[in-house]
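# Per-entry structural report
Chain by chain, the residues run as shown.
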Amino acid sequence: VLLLPSSFQSTIYIDFATMIRPILFATALLSSASCTTAFAPAARAVTTQQQQRTSSSPITSLTPLKMSDSPDSPTQQKIQSLVDDNPVLLFMKGSKLFPQCGFSNTACQILQSYNIDFESVDVLADEQIRQGVKVFSQWPTIPQLYVCGEFVGGSDIMIEMYQSGELGEMIEKAKADMV
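Residues numbered from 1 in each chain as written. Predicted model: local features only at pLDDT ≥ 70, side-chain atom pairs only at ≥ 80, totals over all residues. Heavy atoms only, no water.

### Regarding the sheet that holds strand E4 (residues 150-153)
Across the sheet, which stays open at both edges, the 4 strands sit in the order E2-E1-E3-E4 with mixed pairing between neighbours. Only two strands of the sheet have a single neighbouring strand rather than two, namely strand E2 (119-122) and E4. Strand after strand, the sheet turns through a mean of 25 degrees between neighbouring axes, direction not considered. Where strand E1 (residues 88-92) and strand E3 (residues 144-147) come together, 4 bridges link them in antiparallel fashion. What sits directly across from Val88, in E3, is Val147. Across the face of the sheet, helix H7 (residues 166-178) comes into contact with E1, E3 and E4 while running at roughly 55 degrees to E3. (Pairing = 2+ DSSP bridges. Helix = DSSP H or I, 4+ residues; strand = E, 2+ residues; numbered from the N terminus. Axes fitted to C-alpha atoms, helices over the stretch in contact; angles between N-to-C directions. Contact = heavy atoms within 4.5 Å.)

### Remarks on the nonpolar core
Core analysis: the biggest nonpolar cluster contains 20 residues, and Val88, Leu90, Leu111, Leu145, Val147, Leu167 and Ile171 have the highest contact counts within it. If you list the elements that add at least two residues to this core, you get E1, helix H4 (102-112), E3, helix H6 (155-164) and H7. Ignoring sequence-local partners within four residues, the contact set of Val147 consists of Pro87, Val88, Val152, Met170, Ile171 and Ala174. Val83, Val121, Ile129 and Val133 belong to the second-largest nonpolar core, a separate cluster that totals 10 residues. (Core = buried A, V, L, I, M, F, W, Y, C linked by side-chain atoms within 4.5 Å. Buried < 20%, exposed > 50% of the residue type's maximum accessible area, 1.4 Å probe, protein only.)

### A closer look at the layout of surface pockets
Empty space among the atoms becomes apparent when a probe as large as a water molecule is rolled across them. The calculated volume of the largest pocket comes to roughly 170 Å³. Around the largest pocket, the lining comprises 13 residues; the ones closest to its centre are Phe103, Thr141, Ile142, Pro143 and Ser155. Of all the secondary-structure elements, those providing two or more residues to the lining of the largest pocket are helix H5 (127-137) and H6. Here the residues of the lining of the largest pocket are counted per class, giving 6 nonpolar, 3 polar and 4 charged. (1 Å grid on protein atoms, 1.4 Å probe; cavity = no way out; pocket = protein on both sides within 12 Å on 5 of 7 lines; lining within 4 Å. Points joined across faces, edges and corners; volume = space filled by probe spheres on them. Nonpolar A, V, L, I, M, F, W, Y, C, P; charged D, E, K, R; others polar.)

### Considering the side chain of Ser137
Along the polypeptide, Ser137 turns up in helix H5. Under the relative-accessibility criterion, Ser137 is labelled buried at 13%. A polar contact is formed between the side chain of Ser137 and the backbone oxygen of Val133, at a distance of 2.9 Å. In this structure, Ser137 is in contact with Gln144, Tyr146 and Phe151, ignoring residues within four places of it in sequence. (Polar contact = N/O pair within 3.5 Å; in protein donor to acceptor, adjacent residues only side chain to side chain.)

### Remarks on the packing of aromatic side chains
The tally for this structure, following the rule as stated, stands at 5 aromatic pairs. Consider the rings of Tyr114 and Tyr162, whose centres lie 5.9 Å apart with planes at 75 degrees: the pair is edge-to-face. Note that Tyr114 is positioned in the loop between H4 and E2 and Tyr162 in helix H6, a separation of 48 residues in sequence. Summarising the aromatic geometry, the rings of Tyr146 and Phe151 are spaced 5.3 Å apart at their centres and angled 50 degrees between planes, so their arrangement reads as tilted. Classification of Tyr146 by relative accessible area gives buried; the value is 2%. Using a relative accessible area of 24% as the deciding quantity, one classes Phe151 as partly exposed. Three or more aromatic residues joined by ring pairs form one cluster here, namely Phe91, Phe136, Trp139, Tyr146 and Phe151. (Phe/Tyr/Trp six-rings, centres within 6.5 Å; stacked < 30°, edge-to-face > 60°.)

These values are about where atoms sit, not about what they do.
Following this line, the structure appears as structure tokens:
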């Protein structure tokens, strides 16, 4: 608690957006570091496999993931159902209580700042959903936010919309739809 003379108290002004921006940024950076640490064993395994190959056998092609890009596939239908059934939906790495990525953590914090009950889907728990949502939205990264059935974007777009107030307007509309 900072006690100031009454003559100073009237001149103090705290801009919430200016105050929260560095906190969100720092949180994302710190959480990103833990993301790298958490997945380092998998990265080491890939590196070990690459070292075991002889240098005379270069990789000539990449094997695509086996998943259906069809809008009628069960995965795409499940994603469409989730988007239709939840006014505010976040596809993320981890859960609301335990985000596994700095960007997902930032997205959760932004949504929680609006005191809205939003649904989240942990893409780490289902590889088909993880890849399928990228096809569904035609957006290559996670997290992905949907509000009232409309794809909004990832955490970078959420930050910009949060700062401009545009995301708040969308969330208020979604709150009204929930009632």
